[in-house]
Each structure stands twice: as C-alpha cells, then as structure tokens.
Amino acid sequence: MSISRRGFLGAAGLSALALASKSTLDALGFEAAPQEPTSAAAGTRWAMVVDPRKCLDQGDCTKCIEACDYAHNVPHITNPAHEVKWIWKEPFEDAFPFLEVDYAPEAFREQPVMVLCNHCDNAPCVRVCPTQATWKRDDGIVMMDWHRCIGCRYCMAACPYGSRSFNWGDPRPAMASLNPDYPTRTKGVVEKCTFCEERLAVGQRPACVDACPARALVFGNLDDPEGEVRSLLRARFAVRRKAELGTGPAVYYLV
Amino acid sequence: MRDRYVILAALVLFFVLVTAPVWYARAAGEKAGGPDVKLPTQEKACVMPVDYMRTSHMDLLISWRERVVRENIRTWTAPDGTVYTVSLSGTCLKCHTNKAEFCDRCHDYAGVTPYCWDCHVDPAAIARSRP
C-alpha cells in the first residue's frame, strides 16, 4: 500500500493533535473520573464527623478553637486579610454554597459551622505544591512540611475551602501565650490543620475533639467498619463540603 | 651605606607594630582558642560522640527533621543504644538548657545564624519572658 506525502502529513498532524489534547486535558485536571474516597492504604484513613446541631447548642463556645490555637501556636490576627486559621466558624451559607436551601430562614443560613482542613483524598493543594511541602500521607492526612514551604501560595489558590492561611508577617507577636512544645511558623509560610498528627503519633486524639464539651466533633478511622465514624455515618445522613468538586473531603457533617 | 642603621631601626619598628596585637594579647593574659561554650553540667555525654557533634550536628538535626516530619517516626536510637525522642527544643535543649551560651555563642563565633529559631521555641527564653 502506498501513502501519499499529503496523506502522511495529515495523519501525523491529527495524531499529534490527539496526543497534545490528552495531555492538555490532564493538565487542566479533567481526569476520567474524580477519585472518590476508596483509599484503603494500610488500613487507616483518619476522618472527622461534625454534628453541627450539638455544636450550635453550645452557643458561643469556642473551646475547640482555643485548644487548637494553643496547641499549635496559631496567632490571633484581627485584620481579616491576614488572619491565620486552622479550625474556625464559617456561616452555613459560605460553608455549603452548593446546598441551595432557598427558603431557609435567614437565621439558619447565617448560623456558624465549624470548618477545618478536609484532608481530601484528591487534594488539589498537594497537586499544585512545587516543592512537595504538602503531601498526602498513607493514613489520609494532608501533611505540611513547614521547612520546605517557600510561600508561593499556589496551595491557597487551589484549595476550594480556604483552609490555608499565609503568614504575612511574623506571627509571634500575635500569640497571647507560646506553647513551647510546638514550633511557631514564620513570615512567608503557609499553614493549616494537620489533624493533630503530632498528637496522633503519641496516641492522643486531636486537641479540638478532646476540648469539645458537647462531643460535637468525632474523630476516627474511616476504614474501620466497626469504628465510631462509620457507625455514625451509617446511622445518620451526612454531607461533605463541596464534595461535587471531586476532592473527596474527609470531614463529614451530620444533617 | 650611611643609612644602614636607619633602615634596621625602621624594620624593627615595623615588626613590632605588625605583631603588636599578639604582644598585647599576651600581656593581657588572653589566650586564643574556640568559643567558650557552656557544656551541660548534669550530663556526661551527647547523643553522639563529641567529635561527631562538633562537626556534624547540623546533619544529625536535618535527619531528625526528615524523620519526624516526613516519615512520622518520633524516636531515634543512638549508636550506644539509648533511645531519644526526636525534638530540637525538647531533646537538644533539655540537656543544653542554656541555648544563648551554648548554641548561640559558638554560632556567633563561627558566623552562622541558623534560622531554626524563627519557628522553634527556646523553652528557657519564654520562661524568662513570662511575667
């Protein structure tokens, strides 16, 4: 069979185009299917269940926030543009923008919900970090290596939950008391919740979970079918923040 | 040939002036040497042989850091079999309680400023600053 010069060039051009578009689509994040939480690595997948109702019953309680802030030396900066947050209250509407509840009473829409890093299965922040300062551990924790962070803030742009904060200045002056057991951060690095990996390592639960007087925060292993997290999720309906983005968040909110 | 003595005298003067700092230090009773670091009094030995520590403590610290942060292993076994918790503030500074007169003094002498303390806390310093 003979092939004309023109035919050959045409076929070559088309195949090149096909190859290029595949990698372009990949680069833009259009993967075949967003990964759902199926990771069964090593039998541990840390996750959290939040019961917003129990939390609301406590009124203005901020015990979990205080415990976390002290445990990790999180600064208190009043300027909202420079705030540093690991776990905080977000108005319902902003935490769940896609749960469109048109006729929900004003009062309900503005109720605060506890939010923190979702430790996603398919974490966008991990994908964009140029130095691997943030990565996914086998137990599901999206870990941060502050020694490697160069402060480029790509991760902050990638995170759909606003779970990451940047230190615009030296955070130390904004700390009421310094916990000597945990390092602070410094100007020019990003920080976020780590599911208290330093406490998990010594067999303790996260500081916020221990501090909650209403047990509105439950922490456990999602891969353990008999565990507290799984039994709660079996017993009640739960939603996750912006799960439709395909990030696979590991923080569940009971309805 | 007439100015031989002038030249010799100038040479002697030059030599004395150039070496003056040495004579001055001799006279003042100072002796040259490394920085005067304050070693722990309670403890006998460091986590590794002192020669290794003197030259390579920064390498050890970096490997400790990788261990904890990236591998999530929080203990380290010394060559002599002692098991230590891996922590810069909690372990090194537990023995070397006086960071200012140990780490800092030698670093000032050597002209290095590790940036670790921008984040890591010197427990003694906050105990002092606490009212």
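Sequence order as written defines the numbering, with residues in each chain counted from 1. Working convention: letters from A go to chains and numbers from 1 go to ligands, in the order in which they are written. Local features in this predicted model are restricted to residues whose pLDDT is 70 or higher, and side-chain atom pairs enter the listing and the counts only when it is 80 or higher, whereas totals over whole chains, interfaces and linings include all residues. In computing side-chain values, all of the structure's heavy atoms are included and hydrogens and water are not.

Q: Explain the overall build of chain A to me, please; I cannot follow it from the model alone.
A: Counting its regular elements, chain A contains 10 helices and 10 strands. Here, Shrake-Rupley sampling with a 1.4 Å probe gives the accessible areas, and only protein chains in the shown set may cover a residue. Summing over all exposed atoms, chain A offers an accessible surface of approximately 13,500 Å²; the carbon and sulfur share of this is 57%. Each helix is a run of H or I in the DSSP string that is no shorter than four residues. Each strand is a run of E no shorter than two, and both are numbered from the N terminus.

Q: Which parts of the structure should I look at to understand the interface of chain B and chain A?
A: We call two residues in contact whenever any of their non-hydrogen atoms come within 4.5 Å of each other. Each side of the interface is counted separately: chain B has 15 residues, and chain A has 21 residues. Here's the idea: put two parts together, see how much 1.4 Å probe accessible area each one loses, and the total over both is what we call buried area. Around 1,500 Å² of area is buried between chain B and chain A when both sides are counted, 53% of it from carbon and sulfur atoms. Here a salt bridge means any side-chain nitrogen of Lys or Arg lying within 4 Å of a carboxyl oxygen belonging to Asp or Glu. On the surface where chain B and chain A come into contact, there are 3 salt bridges. For this analysis, a polar contact is any N or O atom pair within 3.5 Å, provided that within protein one partner can donate a hydrogen and the other can accept it, and provided that sequence-adjacent residues contribute only side-chain to side-chain pairs. Remark: the boundary between chain B and chain A carries 9 residue pairs in polar contact (both at pLDDT 80 or more).

Q: What is the right way to look at the sheet that holds strand β8 (residues 217–221) of chain A in this model?
A: In sheet architecture, strand pairing relies on hydrogen bonds along the backbone and comes in two forms, parallel and antiparallel. Residue and element names in this part refer to chain A. Strands pair, by our definition, only if DSSP identifies at least two bridges between them. A sheet is described by the order of its strands in space; here 4 strands give the open sequence β8-β1-β10-β9, paired in mixed fashion. Either end of the sheet is taken by a strand with one partner, and the two such strands are β8 and β9 (238–240). Direction aside, the axes of adjacent strands within the sheet are offset by 30° on average. Judged from the 3 bridges that link them, β9 and strand β10 (residues 251–254) form a sheet pairing that is antiparallel. Bridge pairing in β10 places alanine 238 opposite leucine 254. Simply put, an axis is a line fit to the C-alpha atoms, just over the touching stretch for a helix, and the angle between two N-to-C directions goes from 0 to 180 degrees. Contacting β1 (46–50), β8, β9 and β10, helix α10 (residues 228–235) crosses the sheet at an angle of about 115° to β8.

Q: When you look at the nonpolar core in this model, what are you seeing that I'm missing?
A: As a rule of thumb, soluble globular proteins bury nonpolar side chains together. We define a nonpolar core as any set of buried Ala, Val, Leu, Ile, Met, Phe, Trp, Tyr and Cys residues linked to one another through side-chain atoms lying within 4.5 Å. Residue exposure (1.4 Å probe, protein chains only): buried if accessible area is under 20% of the type maximum, exposed if over 50%, otherwise partly exposed. Among the nonpolar cores identified, the biggest contains 61 residues, and Met48, Trp86, Ile87, Phe195, Leu217 and Tyr253 of chain A together with Trp76 of chain B are the most heavily contacted of them. The element best represented in this core is helix α3 (residues 50–71) of chain B, accounting for 5 residues. Look past the residues within four positions of isoleucine 87 of chain A in its chain and what remains in contact with it is Cys64, Ile65, Cys68, Met114, Val115, Leu116, Cys208 and Leu217 of chain A. Listed in part, the 8 residues of the second largest apolar core include Ala47, Val49, Val218 and Leu222 of chain A.

Q: Looking at this structure, how should I read the packing of aromatic side chains?
A: How two aromatic rings sit relative to each other is given by the distance of their centres and the angle of their planes. Residue and element names in this part refer to chain A. Between 30 and 60 degrees the pair is tilted, below 30 it is stacked and above 60 it is edge-to-face, where a pair is any two Phe, Tyr or Trp rings, Trp via its six-membered ring, whose centres lie within 6.5 Å. Under the defined criterion, the tally for this structure stands at 8 aromatic pairs over all chains. Measuring from ring centre to ring centre gives 5.2 Å for tryptophan 46 and phenylalanine 219, while their planes differ by 20°; the resulting arrangement is stacked. Of this pair, tryptophan 46 sits in strand β1 while phenylalanine 219 sits in strand β8; the two residues are 173 residues apart in sequence, bridging distant segments of the chain. Residue tryptophan 46 is classed as partly exposed on the basis of its relative accessible area of 22%. Judged by its relative accessible area of 9%, phenylalanine 219 falls in the buried class.

Q: Please explain the side chain of histidine 120 of chain B as it appears in this structure.
A: For histidine 120 of chain B, the location among the structural elements is in the loop between α5 (100–110) and α6 (123–129). Using a relative accessible area of 18% as the deciding quantity, one classes histidine 120 of chain B as buried.

Q: Help me understand the domain arrangement of chain B in this model?
A: Interface size is commonly expressed as the accessible surface area that is lost when the partners come together. Each domain's limits were defined by an automated method or a database of domain assignments. Entries for chain B in the domain assignment read domain 1 (1–32) and domain 2 (50–129). Once you take the C-alpha centre of each, domain 1 of chain B and domain 2 of chain B turn out to be 46 Å apart.

Q: In this structure, what is going on with the pairing of strand β3 (residues 112–116) of chain A? I would like to understand it.
A: The side chains of a regular strand alternate between both faces of the sheet. Residue and element names in this part refer to chain A. Burial within β3 is extensive, with 4 of its 5 residues counted as buried. Note: strand β2 (residues 87–91) against β3, 5 bridges, orientation antiparallel. By the bridge assignment, proline 91 is partnered in β3 with proline 112.

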